[in-house]
Amino acid sequence: MRDFSLILATVGRTSELNRLFDTLVAQSYRHFDVIVVDQNSDDRLLPVLQRARSLGIILKHLRHSPPNLALARNAGIAAASGKWLGFPDDDCWYEPRMLERIMVRSRRSDRPRGIVVRWVEQDRALPPGLLSWQRSSRFRDIPVSSITLFFERSVIEEIGGFDGRLGVGQWFGAAEETDIVLRALRAGALLAHEPAAHVHHLLESPLGTGSQQARKAARHRARGTGALYAKHSLSRWVILRGLIAPVLRPLLKGRLGDELAHGMAVTRGRLDGWLQWSRQHVRLNSSK
């Protein structure tokens, strides 16, 4: 059994994977394998994977259809044997000592069962510390993204993996990584932030706030946050703040045009997600 299994769910990309694999070859800590969960309908990945193997990377290639990021990662988890699991995106890349620094942190006396690393391009050099349910359930904790998360496999198995109803490709268009952190914390897992371990991922160019496409995308993603309100029974104050803040900020700044319209789209999305998840839960309970 290796120390790390890296679950790489991918669709549509090829050259970006070469960059990631090059940085994996350069890791100072090499006790890892890669589980590639291929959601493409063709064989575009085969030359990329052949190149990775020629570089000495140990990998397993799985097929998964239809595309669903959360469920693809769960398929990778089921095939993984590493003690620790990571979830790189197909267009991210690691600094050479990242896995080494995660392993060093995991061996300290508090023995965390999850570690959050620093996403460099977000440019938030926060100090090391421990995550807590109290702060995370108020959205006041260290920000997380799937590329920054490393968990002991036993934790993921205990809490049941990613929720396939949340995330890319789903009606609730985001928040699967926040959800898994909240569930791990609620289950009592100790999660630590290790800012010395660095992952890179270029921030997507924003669509802006003026286009209908941008507002539609914002509303879609915001449904995931709304789902968390209901799924985790978050406090009324957290929900109220989350619904009001996107509209209140531009109002206080006097930005009554595109920025206000964008904020209203976020509020609508959060409200959509909260109400829809709540309705689904009521229907589920009434059918039992």
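Since the structure is predicted, the reported quantities are computational estimates derived from the model, not experimental observations.

Scoring rules and cut-offs
- Residues numbered from 1 in each chain as written.
- Predicted model: local features only at pLDDT ≥ 70, side-chain atom pairs only at ≥ 80, totals over all residues.
- Heavy atoms only, no water.
- Helix = DSSP H or I, 4+ residues; strand = E, 2+ residues; numbered from the N terminus.
- Buried < 20%, exposed > 50% of the residue type's maximum accessible area, 1.4 Å probe, protein only.
- Contact = heavy atoms within 4.5 Å.
- Areas by Shrake-Rupley, 256 points an atom, 1.4 Å probe, with all protein chains shown as cover.
- Lys, Arg positive; Asp, Glu negative; His and termini not counted.
- Charge placed at Lys NZ, Arg CZ, Asp CG, Glu CD.
- Patch = residues over 30% accessible without salt bridge, like charges linked within 9 Å, V, L, I, M, F, W, Y side chains within 5 Å.
- Salt bridge = Lys/Arg side-chain N within 4 Å of Asp/Glu carboxyl O.
- Phe/Tyr/Trp six-rings, centres within 6.5 Å; stacked < 30°, edge-to-face > 60°.
- Lys NZ or Arg CZ within 6 Å of the ring centre and 35° of its normal.
- pLDDT = per-residue confidence, 0-100.
- Polar contact = N/O pair within 3.5 Å; in protein donor to acceptor, adjacent residues only side chain to side chain.
- Core = buried A, V, L, I, M, F, W, Y, C linked by side-chain atoms within 4.5 Å.

*Asks:* What is the right way to read the overall build of the protein chain from this model?
*Replies:* Within the protein chain, the secondary structure is distributed over ten helices and nine strands. Seen through its principal axes, the protein chain has C-alpha atoms that stretch 55 × 45 × 45 Å. In the protein chain, which comprises 288 residues, the share counted as buried stands at 50%. Pairs at least 24 residues apart make up 81% of the contacts formed inside the protein chain by residues separated by at least 6 positions. For the protein chain, the exposed area adds up to about 13,900 Å²; of that, 53% sits on carbon and sulfur atoms. A distance of 6 Å separates the average location of the 43 positive side-chain charges in the protein chain from that of its 28 negative side-chain charges.

*Asks:* Quick question: what am I supposed to make of a nonpolar patch on the surface here?
*Replies:* Together, Trp237, Leu240, Ile244, Leu248, Leu251, Leu252 and Leu256 line one region of the surface with nonpolar side chains, adding up to about 740 Å² of accessible area. Within the fold, Leu240 resides in helix H9 (residues 236–253). Residue classification places Leu240 among the partly exposed positions, given a relative accessible area of 43%.

*Asks:* Just checking my understanding: could you explain the pattern of salt bridges for this structure?
*Replies:* Side chains carrying opposite charge are able to pair once their charged atoms draw close together. In the structure shown here, the tally under the stated rule is 22 salt bridges. For the salt bridge of Asp42 with Arg44, the shortest nitrogen-to-oxygen distance reads 2.9 Å. Given the relative accessible area of 30%, Asp42 is considered partly exposed. For Arg44, a relative accessible area of 36% gives the class partly exposed.

*Asks:* Help me out: how do you make sense of the packing of aromatic side chains in this one?
*Replies:* Inspection of the entire model under this criterion finds seven aromatic pairs. Taken together, a centroid distance of 5.0 Å and an interplanar angle of 85° make the contact between Trp171 and Phe172 edge-to-face. Judged by centre distance (5.2 Å) and plane angle (65°), the ring pair of Phe172 and Trp277 falls under edge-to-face. Here the residue Phe172 occupies a position in the loop between helix H6 (153–159) and helix H7 (176–186), and Trp277 occupies one in helix H10 (residues 258–286), the gap between them amounting to 105 residues. Residue Trp277 is classed as buried on the basis of its relative accessible area of 7%. A connected cluster of aromatic rings, assembled from ring pairs, spans Phe4, Tyr29, Tyr94 and Phe150. Between Arg223 and the ring centre of Trp171, over which it is positioned, the NZ or CZ distance is 4.1 Å.

*Asks:* Sorry if this is basic, but what is going on with the environment of Ala245 here?
*Replies:* Topologically, Ala245 is positioned in helix H9. In this structure the C-alpha to C-alpha distance between Ala245 and Val11, which are 234 residues apart in sequence, comes to 34 Å.

*Asks:* Can you walk me through a positive patch on the surface in this structure?
*Replies:* Side chains of Arg138, Arg140, Arg249 and Lys253 sit close together on the surface and give a patch of like positive charge. Structurally, Arg138 is set in the loop between helix H5 (133–136) and strand E8 (149–152).

*Asks:* Sorry if this is basic, but what is going on with unusual backbone geometry here?
*Replies:* Most peptide bonds are trans, and most residues other than glycine sit at a negative phi. Of the consecutive residues Ser65 and Pro66, the connecting peptide bond is found in the cis state with omega at -5°. Looking at where Pro66 falls in the secondary structure, it is placed in the loop between strand E3 (59–63) and helix H3 (69–79). Even without being glycine, Phe139 reaches a positive phi, approximately 55°. Secondary-structure assignment places Phe139 in the loop between H5 and E8. Here Phe139 falls in the partly exposed class, since its relative accessible area comes to 32%. The phi angle at Ala175 is positive, at roughly 85°, despite the residue not being glycine. The exposure class assigned to Ala175 is buried, which follows from its relative accessible area of 7%.

*Asks:* Whenever I open this one, the confidence of the model for the protein chain confuses me. Can you help?
*Replies:* Any segment with low pLDDT has predicted coordinates that should not be analysed in fine detail. When pLDDT is averaged along the protein chain, the result is 93, and 95% of the positions lie at 70 or above. This stretch, residues 284–288, has a pLDDT under 50; its non-local contacts, to residues over four places away or in other chains, come to zero contacts.

*Asks:* Any chance you could explain H7 here in plain terms?
*Replies:* An α-helical segment advances 3.6 residues per turn. Residues three or four places apart therefore align on the same side. Within H7, nine of the eleven residues are buried, which leaves the element mostly enclosed by the surrounding structure. For H7, every residue scored as buried is listed here: Glu176, Glu177, Asp179, Ile180, Val181, Leu182, Arg183, Ala184 and Leu185. The secondary structure elements touched by the buried residues of H7 are H3, H5, E8, H6, strand E9 (191–200) and helix H8 (212–231).

*Asks:* Just to check I follow, could you spell out the environment of His61 for this structure?
*Replies:* Considering the arrangement of structural elements, one finds His61 in strand E3. On the accessibility criterion, His61 (25% relative accessible area) is partly exposed. For the pair His61 and Arg97, spaced 36 residues apart in the sequence, the C-alpha separation amounts to 25 Å. One polar contact links His61 to Asp38, side chain to side chain, over a distance of 3.0 Å.

*Asks:* I would appreciate a short explanation of the nonpolar core in the present structure.
*Replies:* Side chains that are nonpolar tend, in soluble globular proteins, to be buried together. Ranked by internal contacts, the top residues of the largest apolar core, which has 31 residues, are Phe4, Phe21 and Phe150. Every element with two or more residues in this core is listed here: strand E1 (4–10), helix H1 (15–25), strand E2 (32–38), helix H2 (46–54), helix H4 (98–106), strand E6 (114–119) and E9. In terms of nonpolar packing, the next biggest core, distinct from the first, is built from 26 residues, Leu69, Ala72, Leu131 and Ile142 among them.

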